[in-house]
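Fold and geometry: a report
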Amino acid sequence: MRLVEMEIARHDWGGMLCGCGGPAQHLARDLRRLAGGGAGREPGGVDLEEHVWSAVVLWEPAPAVASVALAALADDDVVPTARERFLDLLHHLVAGEGTDGESARRGLHLPELCRGLARQGLWLLYGEVMSNRSLGTAGAAFEILTVVEPDRARLQRVREVAADWLPVCCRTGLCDEDLSAPDH
């Protein structure tokens, strides 16, 4: 079984409230489509904005989706196009600032939960940067690392080693998050 399928099956999507206002069970199908159908198959177009994240808040399924995105990075069957889309999705989740009202009332801080999951997958993110598969995936993974990596010296060393294949914003530090900010 593919890692993505296994991670999707681990979550109770129907028990989560989606940003669209209904149960989040449709997200399992959307994430499968995003991952593609296996080696060599291109992913389907999926937009999870307003279902999992928005410019203002993250919704309850965000940590589960972050976990699936990390599984996609570990899954060799996920094609480069899908890897880049999962990295973009993960970036939206770790850069999130707010939590939907219902989750907040239950004491959840969804952006921090997503950042914690990404920290558990640091080596997947570093592997994506150092693989030099594409400018898009290396840059997206590096930008996530600027949000979640507490070891700034290690991040700087990777910036130096990978400079030739990182986008300009990553090489120069323009995309770096300030980990001293109170929310991080």
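Up top is the structure these notes are about.
Summary of the structure given here.

Conventions and cut-offs
- Residues numbered from 1 in each chain as written.
- Predicted model: local features only at pLDDT ≥ 70, side-chain atom pairs only at ≥ 80, totals over all residues.
- Heavy atoms only, no water.
- Phe/Tyr/Trp six-rings, centres within 6.5 Å; stacked < 30°, edge-to-face > 60°.
- Helix = DSSP H or I, 4+ residues; strand = E, 2+ residues; numbered from the N terminus.
- Buried < 20%, exposed > 50% of the residue type's maximum accessible area, 1.4 Å probe, protein only.
- Contact = heavy atoms within 4.5 Å.
- Axes fitted to C-alpha atoms, helices over the stretch in contact; angles between N-to-C directions.
- Parallel < 35°, antiparallel > 145°, perpendicular 65-115°, else oblique.
- Left-handed = near helix turned anticlockwise from the far one by under 90°.
- Nonpolar A, V, L, I, M, F, W, Y, C, P; charged D, E, K, R; others polar.
- Expected span 1.5 Å × (residues − 1).
- Salt bridge = Lys/Arg side-chain N within 4 Å of Asp/Glu carboxyl O.

1. Points about the packing of aromatic side chains
Following the criterion strictly, the structure yields one aromatic pair and no others. Centroid distance Trp123 to Tyr126: 5.4 Å. Interplanar angle 40°. Geometry classified as tilted. In this pair, Trp123 and Tyr126 are both assigned in helix α7 (residues 122-131), three residues apart and thus about one turn of the helix distant. Accessibility expressed as a relative area gives 3% for Tyr126, which makes it buried.

2. Describing the environment of Leu93
Mapped onto the elements, Leu93 comes out in helix α4 (residues 80-94). Judged by its relative accessible area of 0%, Leu93 falls in the buried class. Linking Leu93 and Gly121, residues 28 residues apart in sequence, is a C-alpha distance of 14 Å. Not counting residues within four places of it along the chain, the set of residues in contact with Leu93 comprises Val52, Trp53, Leu58, Ala62, Val65, Ala66, Pro111 and Cys114.

3. Observations regarding the packing of helix α6 (residues 110-120) against helix α8 (residues 135-148)
The interhelical angle for the contact between α6 and α8, taken along N-to-C directions, is 115°, at an axis separation of 10 Å. By the angle between their directions, the pair α6 and α8 is classed as roughly perpendicular. The crossing of α6 and α8 is left-handed. Contacts from Arg115, Ala118 and Arg119 of α6 reach α8 at Ile144, Val147 and Val148. Split by residue class, the contact of α6 with α8 holds four nonpolar, no polar and two charged.

4. Overview of the packing of α7 against α8
When two helices pack together, their arrangement is captured by the angle between the axes and the distance separating the axes. With their axes 8 Å apart at the nearest point, α7 and α8 run at an angle of 145° to one another. Viewed along their axes, α7 and α8 form a crossing whose handedness is left-handed. On α8, the residues that touch Leu122, Leu125, Tyr126, Glu128 and Val129 of α7 are Thr137, Ala138, Ala141, Phe142, Ile144, Leu145 and Val148. Taken together, the residues of the contact of α7 with α8 break down into ten nonpolar, one polar and one charged.

5. Some words on unusual backbone geometry
The phi angle at Glu50 is positive, at roughly 70°, despite the residue not being glycine. Along the chain, Glu50 falls in the loop between α2 (26-35) and α3 (62-74). The phi dihedral of Asn132 falls on the positive side, at around 55°, and the residue is not glycine. Considering the arrangement of structural elements, one finds Asn132 in the loop between α7 and α8.

6. Notes on α3
Spanning 13 residues, α3 covers 19 Å between terminal C-alpha atoms, matching the ideal 18 Å at 1.5 Å per step. In terms of burial, α3 is largely enclosed, as twelve of its 13 residues are buried. Among the residues of α3, Ala62, Pro63, Ala64, Val65, Ala66, Ser67, Val68, Ala69, Leu70, Ala71, Ala72 and Leu73 are the ones counted as buried. For α3, the elements touching its buried residues are α1 (3-9), α2, α4, α6 and α7.

7. Observations concerning α2
Each α-helix winds once per 3.6 residues, and so residues spaced three or four apart point in a common direction. Within α2, seven of the ten residues are buried, leaving the element largely enclosed by the surrounding structure. Residues of α2 that are buried: His26, Leu27, Ala28, Asp30, Leu31, Leu34 and Ala35. On its buried face, α2 is in contact with α1, α3 and α4. Positive phi appears at Gly36, one or two residues downstream of α2, with a value of about 85°.

8. Considerations on the pattern of salt bridges
Applying the stated criterion to the full structure yields 13 salt bridges. Of the charged contacts in the structure, one is a salt bridge between Arg10 and Glu7, with a shortest N-O distance of 2.9 Å. Look at Arg10 and you get exposed, because its relative accessible area is 56%. Accessibility expressed as a relative area gives 13% for Glu7, which makes it buried. Among the ionic pairs, Glu102 bridges to Arg105, the shortest N-O distance being 3.3 Å. Note that Glu102 and Arg105 are positioned in helix α5 (residues 101-105) at a spacing of three residues, about one turn of the helix. Salt bridges sharing common partners tie together Arg29, Asp30 and Arg33.

Read these as geometric descriptors, not functional statements.
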